[in-house]
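Residues per chain, in single letters:
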Amino acid sequence: MSSVVVRFAPSPTGSLHIGSARTALYNWLYARHTGGKMLLRIEDTDVERSTPENVRIIFDGLRWLGVDWDEEPVYQSQRVDRYRPLIDKLIAEGKAYRCVCNKDDLDAKRESAIADKRKYLYDRTCRDAGHGPDCGAHVVRLKMPVDGAIVVRDVVLGEVSFPAEELDDWIIARTDGMPTYNFVVVADDHDMRVTHVIRGADHLNNTPKQVVVYEALGYDLPIFTHMPLTHGPDGKNFPNATARRRSRNSPSSATCRMPCAIISCVSDGRTAIRNCLRRKS
Ligand SMILES: [Zn+2]
């Protein structure tokens, strides 16, 4: 078996989105083409919206597409204890810090930035304050580079450069201690030994943040591939589940066009699967 490990990591907060189905298919094709592993990770830390029923719908949808997976699915909700020591380690090494800025102050600064037509970025008040574990209510922020650029090397897009001045010290753990999305994704992908991250281009803006987490934790970077998003006949992106819910009262919404798009995607997907299998046999 090759050393390639890919993963599909849906959030079970709604049914399987057409773009997610396509992402799963590409990951699966790459795993089967290279003789690597296809893993599943259920990102179910949103306890209010993640339901067992939605997990079942995702599994059923993948099976219907002909996408299978190796090993038992990983459930993020069962890994919460894994993340805390990593965050403590980054604080101890001076790569992350406790921020005690209160919400009202931050909101005022955000509103003033909006009024001045500036992009709001956290002003790093607490970066060198050395707040200890007894500092009271706090979040934990990652020390991002303050100058230069973070370069993402991508199979499709080549080198994509993100100026450091456009990224602030983002929150890696909330006040309740729960780690945030871009942090746990890195810890999970590392622990699952993922070698290739293949996902939609809507994730590209997350990637420079994740690259800094990889470096801070001393992990090797995976190979990133960001695919163009799935478009409808009108050339617009298909809405995600939230947008569909918002637009459900509109008869002209993309929701109405979903069935024919699904049929064409599945038919494309099955053709792709058939071609892949034909090459292998
Ligand atoms: Zn602060």
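Residues numbered from 1 in each chain as written. Predicted model: local features only at pLDDT ≥ 70, side-chain atom pairs only at ≥ 80, totals over all residues.

(A) Spotlight on the pairing of strand 7 (residues 158–163). Burial within strand 7 is sparse, with just zero of its six residues counted as buried. Taking the residues that link successive antiparallel strands as the turn, the strand 6 (residues 149–154)-strand 7 hairpin has three residues. (Buried ≥ 20, exposed ≤ 12 C-beta atoms within 10 Å, placed from the backbone. Helix = DSSP H or I, 4+ residues; strand = E, 2+ residues; numbered from the N terminus. Pairing = 2+ DSSP bridges.)

(B) Inspection of the pairing of strand 10 (residues 223–227) at higher detail. Side-chain alternation along strand 10 places Phe-224 and His-226 on a buried face and Ile-223, Thr-225 and Met-227 on a face that remains uncovered. With respect to chirality, the unit in which strand 9 (residues 196–200) leads through helix 6 (residues 207–217) into the neighbouring parallel strand 10 is right-handed. (Right-handed = clockwise from strand over helix to strand, strands pointing away.)

(C) Quick peek at the packing of helix 5 (residues 181–191) against helix 6. Following both chains from N to C, one finds helix 5 and helix 6 inclined at 55°, their axes separated by 9 Å at the closest point. Relative to helix 6, the element helix 5 lies oblique. Note that helix 5 runs across helix 6; the crossing there is right-handed. Facing Asn-182, Phe-183, Val-185 and Val-186 of helix 5, the residues of helix 6 in contact are Lys-209, Gln-210, Val-213, Tyr-214 and Leu-217. Broken down by class, the residue content of the contact of helix 5 with helix 6 amounts to six nonpolar, two polar and one charged. (Axes fitted to C-alpha atoms, helices over the stretch in contact; angles between N-to-C directions. Parallel < 35°, antiparallel > 145°, perpendicular 65-115°, else oblique. Left-handed = near helix turned anticlockwise from the far one by under 90°. Contact = placed C-beta atoms within 7 Å. Nonpolar A, V, L, I, M, F, W, Y, C, P; charged D, E, K, R; others polar.)

(D) Spatial organisation of the packing of helix 3 (residues 80–92) against helix 5. Axis separation between helix 3 and helix 5 bottoms out at 11 Å; the angle between their running directions is 105°. The angle between helix 3 and helix 5 places the two elements in the roughly perpendicular class. In this structure, helix 3 uses Arg-82, Tyr-83 and Leu-86 to contact helix 5, whose residues at the interface are Phe-183, Val-184 and Ala-187. Residues that form the contact of helix 3 with helix 5 fall into these classes: five nonpolar, no polar and one charged.

(E) Quick look at the confidence of the model for the protein. The predicted model of the protein has a mean per-residue pLDDT of 86, with 84% of residues at 70 or higher. Note that pLDDT drops below 50 for residues 241–281; the model gives that stretch 32 contacts with residues more than four away or on any other chain. (pLDDT = per-residue confidence, 0-100.)

(F) Fine view of helix 4 (residues 103–115). Over its 13 residues, helix 4 extends 18 Å from the first C-alpha to the last, a length consistent with the 18 Å expected when each residue adds 1.5 Å. By the criterion of burial, helix 4 is predominantly exposed, with just zero of the 13 residues buried. Note on helix 4: the residue one or two positions beyond its end, Lys-117, has a positive phi of about 60°. (Expected span 1.5 Å × (residues − 1).)

(G) Structural detail: the nonpolar core. In terms of nonpolar packing, the biggest core is built from 45 residues, with Ala-24, Trp-28 and Phe-183 touching the most fellow members. The biggest single contributor to this core is helix 1 (residues 18–34), with seven residues. For this core, the domains that each give at least three residues are domain 1 (1–72 + 231–276) and domain 2 (79–191 + 204–217). Excluding residues within four positions of it along the chain, Ala-24 makes contact with Phe-8, Leu-62 and Val-67. (Core = buried A, V, L, I, M, F, W, Y, C linked by C-beta atoms within 7 Å. Domains from an automatic or database assignment.)

(H) Structural view of the sheet that holds strand 2 (residues 37–42). What the three strands build is an open sheet, ordered 1-2-3; its pairing is parallel. Bordering the open sheet on either side are strand 1 (5–8) and strand 3 (74–75), each of which pairs with just one other strand. The pairing of strand 1 with strand 2 spans four bridges and is parallel. The partner of Val-5 across the bridge, within strand 2, is Lys-37. Its contacts with the sheet put helix 1 on strand 1 and strand 2, and the angle it makes with strand 1 is roughly 160°.

(I) A look at the environment of Gly-94. Along the chain, the position of Gly-94 falls in the loop between helix 3 and strand 4 (96–99). For the pair Gly-94 and Ala-216, spaced 122 residues apart in sequence, the C-alpha separation works out to 9.8 Å.

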